[in-house]
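Per-entry structural report
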Protein chains: 2
Amino acid sequence: VILHGYWRSTAAWRVRIALNLKGLSAEHRFHHLRRGEQRDAGFLRLNPQGLLPALELDGDRGAVLTQSLAICEYLDETHPVPPLLPSEPLARARVRAFAQAIACDIHPVQNLKVLNRLGALGLDEEARNAWAREVIAEGLAACEALLAVGGGGPFCFGPAPGLADLCLVPQLYNARRFGADLSAVPRLLRVEAACVELPAFQTAAPDRQPDAE
Amino acid sequence: VILHGYWRSTAAWRVRIALNLKGLSAEHRFHHLRRGEQRDAGFLRLNPQGLLPALELDGDRGAVLTQSLAICEYLDETHPVPPLLPSEPLARARVRAFAQAIACDIHPVQNLKVLNRLGALGLDEEARNAWAREVIAEGLAACEALLAVGGGGPFCFGPAPGLADLCLVPQLYNARRFGADLSAVPRLLRVEAACVELPAFQTAAPDRQPDAE
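A brief structural summary. (Residues numbered from 1 in each chain as written. Chains lettered and ligands numbered in written order. Predicted model: local features only at pLDDT ≥ 70, side-chain atom pairs only at ≥ 80, totals over all residues. Heavy atoms only, no water.)

So, the pattern of salt bridges
- Counting across every chain of the model gives 26 salt bridges over all chains.
- In this structure, the salt-bridge partner of Arg117 of chain A is Glu134 of chain B, at a minimum N-O distance of 3.3 Å. One end of the pair, Arg117 of chain A, is in helix H6 (residues 112-120); the other, Glu134 of chain B, is in helix H7 (residues 125-146), on a second chain.
- On the basis of relative accessibility, which here comes to 17%, the residue Arg117 of chain A falls in the buried class.
- By relative accessible area, Glu134 of chain B is classed as partly exposed at 45%. (Salt bridge = Lys/Arg side-chain N within 4 Å of Asp/Glu carboxyl O. Helix = DSSP H or I, 4+ residues; strand = E, 2+ residues; numbered from the N terminus. Buried < 20%, exposed > 50% of the residue type's maximum accessible area, 1.4 Å probe, protein only.)

Here we look at the sheet that holds strand S2 (residues 27-30) of chain A
All names here are of chain A.
- Pairing within the open sheet is mixed, and its 4 strands lie in the order S2-S1-S3-S4. The open sheet has two edge strands, S2 and strand S4 (64-66), and neither has a second partner. Averaged over neighbouring strand pairs, the angle between their axes works out to 20° when direction is ignored.
- Sitting on the sheet, helix H1 (residues 10-22) touches strand S1 (2-5) and S2, and the angle it makes with S1 is about 150°. (Pairing = 2+ DSSP bridges. Axes fitted to C-alpha atoms, helices over the stretch in contact; angles between N-to-C directions. Contact = heavy atoms within 4.5 Å.)

Points about the environment of Gly62 of chain A
Residue and element names in this part refer to chain A.
- Secondary-structure assignment places Gly62 in the loop between strand S3 (54-56) and S4.
- With a relative accessible area of 31%, Gly62 lands in the partly exposed category.
- Residues Gly62 and Leu85 lie 23 residues apart in sequence; the distance between their C-alpha atoms is 26 Å.

Quick word on the relation of the copies chain A and chain B
- Least-squares fitting of chain A to chain B yields an RMSD of 0.0 Å, with the superposition described by an axial translation of 0.0 Å and a rotation of 180°. Between the two chains, the operation in question is that of a two-fold axis. Across chain A, the smallest distance between a C-alpha and the rotation axis is recorded for Cys104 of chain A, namely 2.1 Å.
- Both copies share a contact surface, since 100% of the interface residues of chain A are interface residues in chain B too. (Least-squares fit on C-alpha atoms with pLDDT ≥ 70 in both.)

Quick look at the sheet that holds strand S2 (residues 27-30) of chain B
Residue and element names in this part refer to chain B.
- Within the open sheet, the 4 strands sit side by side as S2-S1-S3-S4. Their pairing is mixed. In this open sheet, the two strands that pair with only one neighbour each are S2 and strand S4 (64-66). Taken pair by pair, the neighbouring strands of this sheet meet at an average axis angle of 20°, ignoring direction.
- Relative to S4, strand S3 (residues 54-56) is paired through 3 bridges, and the arrangement is antiparallel.

See below:
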């Protein structure tokens, strides 16, 4: 498979972690988000959304999967061990809700595309960063509360990392990048500390990617 | 079960359609988004995100599910017939990606919360509506392209409605609400026309809810 990503795209980073947790290797192609390479015609043919990540499959006539959570669920269905989701429906719903609280309600509201849109409206860099900081801090505070019904650690929902954890760690990186206050999310930080002990998380980190600047 | 919603919340609307497609009934409680009732302490105890929808279960000690797509997948796993997702992993990934292209990349960037945030930065109503219009038009154009590998209609991915369709119809309502140009998305409009023939979609519509204004 070929993973189309960018070192600092948190959505692509989620899929890197998922591949690593599954023990799967991929060829990596990098598209420079700040230079707009995700809007090149060649990439738009792969993903008309012009977003990262995209996963090109070997079989299935080169099918291209988009949307990080859909890709992770595909990897989980086609390579079930180790699982990214628990087996029981209620537990699965909790993990998915936590992942979506990040992937729907935090990340898309603070990503480069939205910050560029704010810039076009005349907001300066400090105002744009403040927007990102507020969105992230508010969203992570809710995630902290969602974990109150978690599985007791060390990971978000129990003794093994999964879909929730692979969303959380990249979002905390963005939180620091924009200077969000993390003092209100001690549970999330404990989960992160457990995750970054694992090679699957370590080798997926942005600064370990060949396109890191 | 108790569904916490609001007539014009497109995320709650998705779950109403899912319940209808499954033939499941629910007690409905409404929280007035524009009056901020979703931030009342009583509701925050149910959903710390302060967002709609939330689904309170009868069993499982009154567990509360959040995030519309996670709720829909829970309903699909616990009531598999009729299915909201196809059975084959690649086909499931395509449907989920389409649903997430709306639920992650369009709706959260144009919802009331973001428009209020823009208002607090000084944008007037016309500028806020233009923001929503642009986000929706750009996102739906990508959805139109994603359907080029769809299942041939009449619904997004084949002969029966599912997770993609129940995201699409509410988003098209929002598109019209903000005056987005829909001339570039004929496939989406054909799918919508097929959906609104079905009672499951008709009875879930905003103007059919008791809290409609």
